[in-house]
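# Descriptive structure summary
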Amino acid sequence: MSSQSTTTTSKPARLDRTQPQADYRITLDGRDLSRLIAPSLISLSLSESRAEESDMLDIVLDDSQNTFAIPKRGANIKVSIGWVGEPLVEKGTFTVDEVEHSGAPDIITIRARSASMTNAMHERREQSWHGQTIGSIVRAIAGRHSLKATIAETLAKVAIAHIDQTHESDMSFLTRLAKRYDAVMNVKDLNLLFMPIGTGKTVSGKTLDVLQLTRSSGDQHRYHIAQRESYSAVRAHWHSNGKAKRKSVVIGGENNKNVKVLPEDYATEAEARAAAEAEFKRTQRSQATMSYTLALGRPELFPELPVTVSGFNPEIDETPWLVKQATHTIGEGGYTTALDLEVRDDPATDRHRSHFRKGHR
């Protein structure tokens, strides 16, 4: 689509060089509605997540002039966002999931979720997977829903002795499998993604640039340390088939007193170790979190980007961060991006972890 089909949220159309103007393109089932929507747009909010939640799009319109037909559930909305004078960033295709008409004054609220996150993926089923790799499981489920499986090579070759999908949807099952191996599982534009969390690389292996943010970039932040997740080790149990004996592995050191014990028993030592390693990484990342709202939105930001910040205090500035969720909002307040950050596993430095532990003695 040409840039002529884009529109801004500001009125009048005159471009003030000192005040950037948000820009967007919205199509509904292939029809460009950007110009029609422009005078009536109250807000557009796009939340991009890396977890099992699908990306969500909310569009709120003033319908006091009875301008709009209520879109049907299942209709496809394609969205690109950015700034006037710059190329727009495509954010994917979304399927209309909920529509609300309220008043007075009359307002239409449209909520859509990532296309391909179909109802069929949420239907419960029974299946046992035996002697499979993560790659073969993910590809089989992707094929079942006409999706393209995009799997990191390090995960694709991991062998799984046995795992049951009991009265569980494909979405729930894949989410559980991803959690066991500390992976990202999501569906975006007919792609089923399955890749390690926090590697700083795309599935294809391309290294992501570290995003450098300063305090002057935003106008709101919240830094938080959670005592409840400050485990120093994780234990997972498994059964030795030969001796029918319950054994365990510990990640983080046998001598640590604050050990988190996983409730599930695993089929092999390798699977127990993988689960313990995944949970240990997760507890390390969640020791500290930070939310940060950028005064000028950054459409190119998305989950899994590595981040550094400066201008706060030494402990915050020295912590390597990872984007967990990015929420882009266009409305009367302009265009902002709210980031949810967690601690990134950075092999180059372990200083942040020692800081947290000192604070929890």
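Predicted, not measured: the structure shown is a model, and the values here were computed from it. (Residues numbered from 1 in each chain as written. Predicted model: local features only at pLDDT ≥ 70, side-chain atom pairs only at ≥ 80, totals over all residues. Heavy atoms only, no water.)

Moving on, we come to helix α4 (residues 170–180). Among the 11 residues that make up α4, 8 are buried, leaving the element largely enclosed by the rest of the structure. Of all the residues in α4, the buried ones are D170, M171, F173, L174, T175, L177, A178 and R180. One or two steps after α4, the chain reaches D182, where phi turns positive at roughly 50 degrees. (Buried < 20%, exposed > 50% of the residue type's maximum accessible area, 1.4 Å probe, protein only. Helix = DSSP H or I, 4+ residues; strand = E, 2+ residues; numbered from the N terminus.)

Burial along strand β14 (residues 211–214) is one-sided: L211 and L213 are buried, while Q212 and T214, pointing the other way, are not. Taken together, the 4 bridges between β14 and strand β20 (residues 306–310) define a ladder with parallel strand orientation. For T214, the partnering residue across the bridge sits in β20 and is S310. (Pairing = 2+ DSSP bridges.)

Before going further, it helps to spend a moment on unusual backbone geometry. The omega angle of the peptide bond from G103 to A104 is -10 degrees, so this bond is cis rather than trans. Relative to the assigned elements, A104 resides in the loop between β7 (89–102) and β8 (107–114). Put simply, A104 and P105 share a cis peptide bond, and its omega is -10 degrees. Considering the arrangement of structural elements, one finds P105 in the loop between β7 and β8. At S146, a position not held by glycine, the phi torsion is positive, near 55 degrees. Mapping S146 onto the fold places it in the loop between α2 (134–144) and β10 (148–151). S146 sits in the exposed class, given a relative accessible area of 62%.

Here the focus is the sheet that holds strand β16 (residues 233–240). Reading across the sheet, the 3 strands line up as β17-β16-β18 and stay open at both edges, with mixed pairing between neighbours. The strands lining the two open edges of the sheet, one partner per strand, are β17 (245–251) and β18 (259–266). Going across the sheet, the axis of each strand differs from the next one's by a mean of 25 degrees, ignoring polarity. Bridge analysis of β16 against β18 gives 5 bridges, and the strand direction is parallel. (Axes fitted to C-alpha atoms, helices over the stretch in contact; angles between N-to-C directions.)

Once that is clear, we can look at the pattern of salt bridges. Under the defined criterion, the tally for this structure stands at 15 salt bridges. Across the salt bridge formed by E264 and R180, the nearest N and O atoms sit 2.9 Å from each other. Placement of the pair is E264 in strand β18 and R180 in helix α4, with a sequence separation of 84 residues. With a relative accessible area of 9%, R180 lands in the buried category. Two residues, R282 and D182, come together in a salt bridge whose shortest N-O distance is 3.5 Å. (Salt bridge = Lys/Arg side-chain N within 4 Å of Asp/Glu carboxyl O.)

This part takes up the confidence of the model for the chain. Fine structural detail should not be taken from predicted coordinates in areas where pLDDT scores are low. Residues at a pLDDT of 70 or more form 83% of the chain, whose mean pLDDT is 82. In the predicted structure, residues 8–16 sits below a pLDDT of 50 and forms 16 contacts with residues beyond four places in sequence or in another chain. Counted against residues more than four places away or in other chains, residues 347–361, with its pLDDT under 50, gives 21 contacts. (pLDDT = per-residue confidence, 0-100. Contact = heavy atoms within 4.5 Å.)

What follows deals with the side chain of R180. At 2.9 Å, the side chain of R180 and the side chain of E264 are in polar contact. For R180, the residues in contact, after removing those within four places along its chain, are I163, E264, Y266, E271, A274, A275 and A278. (Polar contact = N/O pair within 3.5 Å; in protein donor to acceptor, adjacent residues only side chain to side chain.)

As a further point, take the packing of aromatic side chains. Across all of its chains, the model carries 4 aromatic pairs by this definition. Between Y223 and W321, the ring centres sit 6.1 Å apart and the planes meet at 90 degrees, which makes this aromatic pair edge-to-face. Of this pair, Y223 sits in strand β15 (residues 218–225) while W321 sits in strand β21 (residues 321–331); the two residues are 98 residues apart in sequence, bridging distant segments of the chain. What makes Y223 partly exposed here is its relative accessible area of 24%. (Phe/Tyr/Trp six-rings, centres within 6.5 Å; stacked < 30°, edge-to-face > 60°.)

Glancing now at α2. For the α-helix, the turn length of 3.6 residues means that residues three or four positions removed from each other point alike. Buried within α2 are the following residues: I134, G135, I137, V138, I141 and A142. Buried residues of α2 fall within an arc of 165 degrees about the axis and therefore sit on the same side. Looking at the buried residues of α2, the elements they touch are β9 (124–133), β10, α3 (153–156), β11 (159–169), α4 and β13 (191–196). At the C-terminal side of α2, S146 shows a positive phi close to 55 degrees. (Arc of directions from axis to C-beta.)

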